[in-house]
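# Observations on the three-dimensional arrangement
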Amino acid sequence: MSAPTRFKASCPDCRSTAELDPDAFRLALGRTSERTYYSFTCPSCGAAVRKRAGERIVEALTGAGVRTMRLHLGQQPSTVA
Ligand SMILES: [Zn+2]
């Protein structure tokens, strides 16, 4: 086994790029890819960043054990702590 996967994430606020562990991310799965997002907190400026997650990103993040919550229409997102 190699070292745990890390993901490069870029912050639109301060434009820095950081490498983050999987547990720094949250993935919100909507019913469509347009409602599927991943989020993280920028380690440089502390901004809460949320970005659209495409299919490959979802696969990579879930495969690495990123915490996932499923969003369903008409319900508030439930957070798994
Ligand atoms: Zn930032």
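Conventions we followed
- Residues numbered from 1 in each chain as written.
- Predicted model: local features only at pLDDT ≥ 70, side-chain atom pairs only at ≥ 80, totals over all residues.
- Heavy atoms only, no water.
- Donors = N, O, S within 2.8 Å, 3.2 Å for Na, K, Ca; no water.
- Tetrahedral: all angles 85-135°; square planar, octahedral: opposite > 155°, others 65-115°.
- Buried < 20%, exposed > 50% of the residue type's maximum accessible area, 1.4 Å probe, protein only.
- Core = buried A, V, L, I, M, F, W, Y, C linked by side-chain atoms within 4.5 Å.
- Helix = DSSP H or I, 4+ residues; strand = E, 2+ residues; numbered from the N terminus.
- Contact = heavy atoms within 4.5 Å.
- Pairing = 2+ DSSP bridges.
- Axes fitted to C-alpha atoms, helices over the stretch in contact; angles between N-to-C directions.
- Phe/Tyr/Trp six-rings, centres within 6.5 Å; stacked < 30°, edge-to-face > 60°.
- Lys NZ or Arg CZ within 6 Å of the ring centre and 35° of its normal.

## Looking at the coordination of the zinc ion
For the zinc ion, the protein coordination sphere consists of Cys11 (SG), Cys14 (SG), Cys42 (SG) and Cys45 (SG), at 2.3 Å. Taken together, the 4 donor atoms surrounding the zinc ion define angles of 105 to 113 degrees at the centre, an arrangement classified as tetrahedral. As a motif over one chain, the donors of the zinc ion read C-x2-C-x27-C-x2-C. The exposure class assigned to Cys11 is buried, which follows from its relative accessible area of 3%. Judged by relative accessible area, which is 33%, Cys14 ranks as partly exposed.

## As for the nonpolar core
Ranked by size, the top nonpolar core spans 17 residues in total, and within it Leu20, Phe25, Leu27, Tyr38, Phe40, Val49 and Leu61 carry the most contacts. With 3 residues, the single largest contributor to this core is strand E3 (residues 25-29). When neighbours within four sequence positions are excluded, Leu27 is seen to be in contact with Tyr37, Tyr38, Ala53, Val58, Leu61, Thr62, Val66, Arg67, Thr68 and Met69.

## Considering the sheet that holds strand E5 (residues 48-52)
Taken in spatial order, the 4 strands make up an open sheet running E5-E4-E3-E6, and their pairing is mixed. On the outer flanks of this sheet lie E5 and strand E6 (67-70), each paired with one strand and no other. When the angles between neighbouring strand axes are averaged without regard to direction, this sheet yields 20 degrees. Where E3 and E6 come together, 4 bridges link them in parallel fashion. Residue pairing in the sheet places Ala28 in a bridge with Met69 of E6. Lying over the sheet, helix H1 (residues 55-63) contacts E3, strand E4 (37-41), E5 and E6, oriented at roughly 125 degrees with respect to E3.

## Quick notes on the packing of aromatic side chains
Applying the stated criterion to the full structure yields 4 aromatic pairs. Seen in terms of ring centroids, Phe25 and Tyr38 are 6.1 Å apart; in terms of plane orientation they differ by 55 degrees. Their pairing is tilted. Here Tyr38 lies in strand E4 and Phe25 lies in strand E3, a separation of 13 residues in the sequence. There is no split in this pair, since Phe25 and Tyr38 are both buried. Taken together, the ring pairs connect Phe7, Phe25, Tyr38 and Phe40 into an aromatic cluster. Taking the ring centre of Tyr37 as reference, the NZ or CZ of Arg50 above it sits at 3.9 Å.

Read these as spatial facts, not as claims about activity.
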